[in-house]
Amino acid sequence: MDEYPVQATSNREEMTKLSSVEQTQLILARLMEGGQEDDDTCRELDSLTKLLNDDVEAKEKEQSICDVIDDVCLDTILGYLDMRQADSVRGHAVLTTSAYLKAAGVKGNDALRKFFFDRIQRGNYDDYIVAFCVAAAIFPIAPDQTAEIFLTEGFLPSLDPLMRRKWKSRKVETACLEMLNAASMNSQCRQAIQKYCTDWLEEVVDQDPNELAKAIHSADPDIQVTEGSIAMRRHSEVVQNLAAVILAKLMAVPSAQQPTDGSEGRIRQATTSIEDLSKMFTSMLLKDSENGKRHSVEGLAYASIQPAIKEEISKNKELLKTLVKILGDAPAKSPLTYGALSVFMNLTRYQPAQSEEEKKMTQLKAYADAAGKLASPNPLNDNDHVSERCKRVFDVGIVPVLVTHSRHGSINSLNLIVSIIAALSVTTSLRGQLAQQGAVNLLIAACTALPDSESQAKHTAAQALARILISTNPALVFGGTRARPQNAAIRPLISILPPDPAAETRDLLPTFESLMALTNLASTDDDTRATIVRTAWPEIEEQLLSSNNLVSKAAAELVCNLVQCVEGVALYAADTPQAANRLHILLALADAEDEGTRSAAGGALASLTAYEDIVTGIVKRRRGVEVVLGLCKEASEDLRHRGAFVVYNMVACEGDVGKTARKAIREKDGIEVLKECAKSSRRAQVVEVTIQALKALLEQD
């Protein structure tokens, strides 16, 4: 650090009077001096982070504070990333390092590279530990720069003799493996690790830590052997577990490209299978080992990508309960939380639905990739197997834990939680229990909490909400003293009414499910119905004209419920061309090919014809009366009931409207139609309303 005539001060108010460069020098001096409490060190690091961030934003400055951060200062900052520092100090040091790299730019990248290789070239254990810890910590925040360092020619091969040394340091091994673990998230680094490190990683995983300890103890009982110690010359269980996590990543996540230099055979000759690694992680978790918990969960998160591992984990009830407990106890926004959620997401994930064209393209791609061997889909990934896994996951009490984590977790965690709940909601038998355990409130809150950039997650949450509300009595979810009103569910449901414009194929299932859920909500009270009309009518009206019969029927069923409120009736009764056109569409739906659509439209007409303006509109409409009488001729008694009720409402009108309606119905042979309707009906309600309509028609005007 360059020398400046700056007087040392510990007074925070005095610090603010100094320039940013002077403040930086004082902070660095205190950090280099050391000996402070962890809280004080964290405060100093935070102050330096703020100065670095301000330096980036400052447009006019005489001197950048990065100019006074020389190699010695950077060495001090990066030294706080050492695994032997407290976790809190390391966390704050990561933020400071990130701010420095952003502020220093190319100079910072060069300084980082120099620091790393200077430490490696010194060749002692302390320097190895610091270098590896720094690389592991920086990989997530500066992946490109760190990957470039990691892939430097000759570096990875040099790890082999280091890790195969006869006298081992547990901390060096752990730091090195932490670095490899972080690097394995990068495709190119993963490929390099496969090439140079697979052999000794497998040696670490395969050896029995107890075997040599027993041999040493039997030869000389006075020797005190600790796990992973130099005396033992073996790897600790934690080190083995971390090596297993790296191998799991190499096996579960394919590299972007396979090598073509003849080393392919060597890379693929792994003797440890993903099943072996999964059993190792499971064993560690069931032993309730605190030390290896995070790495075991991370390993399972990668291993459970494989269908066979998914099935094995889901059938191990003790393991599932352990994972739920780990998730429940894990701090919010922690790697442990994300890892456990990833396991459950893998277990419950359904394969995306494919159109026939997409299925053919997938088959052609699989055929090409397999060099002429057509690979069939793994049956363990089919919907039946996923559904059974979802039931097993639900049975161990995952939902209340997800509800708790959803309130305080990160956006990434909330994404995973939404995906898990959405998968569970596919199974109809679970929907009522999902609602009871708080999934509805979780999904409504998620739709609000997720930013617009997470459009897919918001869409998934809304669709899961729709599924649950289709099968659940709204009064049981929103009634009583519950704080969240029923209307809070309407906006998320409306958001998935139009087909997703970003989707490559047009998926109408979310639209259908949303309409069904809104229909269920609209069956409750006028306030809900009015809210749906005000906020969603244009989208609902568009779905009435859908070419898909199921969507059109669902929209008609929703309209049938909406016209029970004044706002719904006004859409059809107003003296406007738009209202007349809506009535025309409803009459057309009452004459549609699909029986369910005719039934829904007939129900809507039965409610609307209580108003004279609607009756007048039907009479004026060409074939309007014929469509209504057509309902009375249906084979279904329910449809005949609707038709007879519409006719009764029309002929029972008073004044000129009633006269006109009765005349029009008589002219269309309505009396004979109603007589036949009464004869063919067996239900008292149908017969009664038909007779009442006949009486009104037979009376002389």
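Procedures and definitions
- Residues numbered from 1 in each chain as written.
- Predicted model: local features only at pLDDT ≥ 70, side-chain atom pairs only at ≥ 80, totals over all residues.
- Heavy atoms only, no water.
- Helix = DSSP H or I, 4+ residues; strand = E, 2+ residues; numbered from the N terminus.
- Buried < 20%, exposed > 50% of the residue type's maximum accessible area, 1.4 Å probe, protein only.
- Contact = heavy atoms within 4.5 Å.
- Areas by Shrake-Rupley, 256 points an atom, 1.4 Å probe, with all protein chains shown as cover.
- Expected span 1.5 Å × (residues − 1).
- 1 Å grid on protein atoms, 1.4 Å probe; cavity = no way out; pocket = protein on both sides within 12 Å on 5 of 7 lines; lining within 4 Å.
- Points joined across faces, edges and corners; volume = space filled by probe spheres on them.
- Core = buried A, V, L, I, M, F, W, Y, C linked by side-chain atoms within 4.5 Å.
- Axes fitted to C-alpha atoms, helices over the stretch in contact; angles between N-to-C directions.
- Parallel < 35°, antiparallel > 145°, perpendicular 65-115°, else oblique.
- Nonpolar A, V, L, I, M, F, W, Y, C, P; charged D, E, K, R; others polar.
- Polar contact = N/O pair within 3.5 Å; in protein donor to acceptor, adjacent residues only side chain to side chain.
- Left-handed = near helix turned anticlockwise from the far one by under 90°.
- Patch = residues over 30% accessible without salt bridge, like charges linked within 9 Å, V, L, I, M, F, W, Y side chains within 5 Å.
- Salt bridge = Lys/Arg side-chain N within 4 Å of Asp/Glu carboxyl O.
- Lys, Arg positive; Asp, Glu negative; His and termini not counted.
- Charge placed at Lys NZ, Arg CZ, Asp CG, Glu CD.
- pLDDT = per-residue confidence, 0-100.
- Phe/Tyr/Trp six-rings, centres within 6.5 Å; stacked < 30°, edge-to-face > 60°.

(A) Up close: the overall build of the protein. When you go through the protein residue by residue, the secondary structure sums to 40 helices and 0 strands. The proportion of buried residues among the 701 residues of the protein is 49%. In the protein, the proportion of contacts linking residues at least 24 apart, taken out of those at least 6 apart, comes to 70%. Counting only carbon and sulfur atoms, one obtains 49% of the accessible surface of the protein, whose full area is about 33,900 Å².

(B) Region of the structure containing helix α6 (residues 106–122). Spanning 17 residues, α6 covers 25 Å between terminal C-alpha atoms, matching the ideal 24 Å at 1.5 Å per step. Among the residues trailing α6, Gly-123 stands out with phi positive, at a value near 75°.

(C) Focus on the layout of surface pockets. Considering only enclosed or pocket space, the second largest pocket measures out at about 1,800 Å³ in volume. Considering the residues around the second largest pocket, the lining is formed by 43 residues, among which Glu-178, Asn-181, Arg-294, His-295 and Pro-335 are closest to the centre. Put simply, the parts of the chain that give the lining of the second largest pocket at least two residues each are α5 (87–104), α7 (125–138), α10 (170–183), α13 (237–252), α16 (293–303), α19 (335–348) and α23 (411–425). No other element matches the 7 residues that α10 contributes to the lining of the second largest pocket.

(D) Structural detail: the nonpolar core. Membership of the largest hydrophobic core comes to 213 residues, with the highest contact counts inside it found for Phe-132, Leu-180, Leu-201 and Tyr-572. Looking at which element gives the most residues to this core, the answer is α7, with 11 residues. For Tyr-572, the residues in contact, after removing those within four places along its chain, are Trp-537, Leu-544, Val-559, Val-563, Ala-579, Arg-582, Leu-583, Leu-586, Leu-608 and Ile-614.

(E) Fine view of the packing of helix α4 (residues 71–79) against α6. Between α4 and α6, the shortest axis-to-axis distance is 11 Å and the interhelical angle comes to 75°. Here α6 runs roughly perpendicular to α4, going by the angle between their axes. Here Asp-71, Leu-74, Asp-75 and Leu-78 of α4 come into contact with α6, specifically with Ala-111, Leu-112, Lys-114, Phe-115 and Arg-119. Of the residues that constitute the contact of α4 with α6, the class distribution is 5 nonpolar, no polar and 4 charged.

(F) Examining unusual backbone geometry more closely. Although it is not a glycine, Lys-333 adopts a positive phi angle of roughly 60°. Along the chain, Lys-333 falls in the loop between α18 (317–329) and α19.

(G) Region of interest: the side chain of Asn-520. Residue position: Asn-520 is located in helix α29 (residues 509–521). Separated by 2.8 Å, the side chain of Asn-520 and the backbone oxygen of Thr-472 make a polar contact. Apart from the residues within four sequence positions on either side, Asn-520 is in contact with Leu-469, Ile-470, Thr-472 and Pro-474.

(H) Looking closely at the packing of helix α11 (residues 187–206) against α13. Interhelical geometry of α11 versus α13 gives an angle of 140° and a closest axis separation of 9 Å. The angle between α11 and α13 places the two elements in the oblique class. In the packing of α11 onto α13, the handedness of the crossing is left-handed. Across the interface between the two elements, Arg-190, Ile-193, Gln-194, Thr-198, Leu-201, Glu-202, Val-204, Val-205 and Asp-206 of α11 pack against Val-239, Gln-240, Ala-243, Ala-244, Ile-246, Leu-247, Lys-249 and Leu-250 of α13. Of the residues in the contact of α11 with α13, the class split is 10 nonpolar, 3 polar and 4 charged.

(I) Quick peek at a negative patch on the surface. A surface patch of negative charge is lined by Asp-206, Glu-275, Asp-276 and Glu-312. Structurally, Asp-276 can be placed in helix α15 (residues 274–286).

(J) Up close: the pattern of salt bridges. Taken as a whole and assessed by the stated rule, the structure comprises 27 salt bridges. Measuring nitrogen to oxygen at the nearest pair gives 3.5 Å for the salt bridge that ties Arg-294 to Glu-178. Taken together, the residues span a long stretch of sequence, with Arg-294 in helix α16 and Glu-178 in helix α10 at a distance of 116 residues. On the basis of relative accessible area, Arg-294 is assigned to the partly exposed category, the value being 36%. We classify Glu-178 as partly exposed; its relative accessible area is 22%. Linking Lys-315 and Glu-311 is a salt bridge whose minimum nitrogen-to-oxygen distance equals 3.9 Å.

(K) Looking closely at the confidence of the model for the protein. Residues of the protein with pLDDT of at least 70 account for 85%, and the chain-wide mean is 85. Ignoring residues within four places in sequence, the model shows residues 2–9, a span with pLDDT below 50, making 16 contacts including any to other chains. A low-confidence stretch, residues 215–232 (pLDDT under 50), is modelled with 22 contacts involving residues beyond four sequence positions or located in other chains.

(L) Region of the structure containing the packing of aromatic side chains. Summed over all chains, the structure comprises 7 aromatic pairs. Seen from their ring centres, Phe-117 and Phe-155 are 6.2 Å apart, and the 90° between their planes marks the pair as edge-to-face. Of this pair, Phe-117 sits in helix α6 while Phe-155 sits in helix α9 (residues 155–163), and the two are 38 residues apart along the sequence. Here Phe-117 matches Phe-155 in class, with each residue buried. Here Tyr-128 and Phe-132 contribute two aromatic rings whose centre-to-centre distance is 5.7 Å and whose plane-to-plane angle is 20°, an arrangement assigned as stacked. With Tyr-128 and Phe-132 both in helix α7, this residue pair falls 4 residues apart, about one helical turn. You'll find Tyr-128 and Phe-132 in the same group, each marked buried. Pairwise contacts between aromatic rings join Phe-116, Phe-117, Phe-139, Phe-150 and Phe-155 into one cluster.

(M) Local environment of the environment of Thr-146. Looking at where Thr-146 falls in the secondary structure, it is placed in helix α8 (residues 143–150). Separated by 37 residues in the primary sequence, Thr-146 and Ala-183 place their C-alpha atoms 8.4 Å from one another.

(N) Layout of the environment of Ala-147. Checked against the element boundaries, Ala-147 lands in helix α8. Ala-147 sits 37 residues away from Ser-184 along the chain, and the two C-alpha atoms are 9.9 Å apart. Each residue touching Ala-147, except ones within four places of it in the same chain, is listed here: Phe-139, Asn-186 and Cys-189.

(O) Representation of α15 within the structure. Its 13 residues give α15 an end-to-end C-alpha distance of 18 Å, which sits within 8% of 18 Å, the value for a rise of 1.5 Å per residue. All of the buried residues along α15 are Ile-274, Leu-277, Ser-278, Met-280, Phe-281, Thr-282, Met-284 and Leu-285. Residues of α15 that are buried sit in contact with α11, α13, α16, α17 (307–314) and α18.

(P) Spotlight on the side chain of His-459. Summarising the element assignment, His-459 is placed in helix α26 (residues 455–470). When its relative accessible area of 17% is taken as the criterion, His-459 is described as buried. Each residue touching His-459, except ones within four places of it in the same chain, is listed here: Ile-496, Asp-500 and Pro-510.

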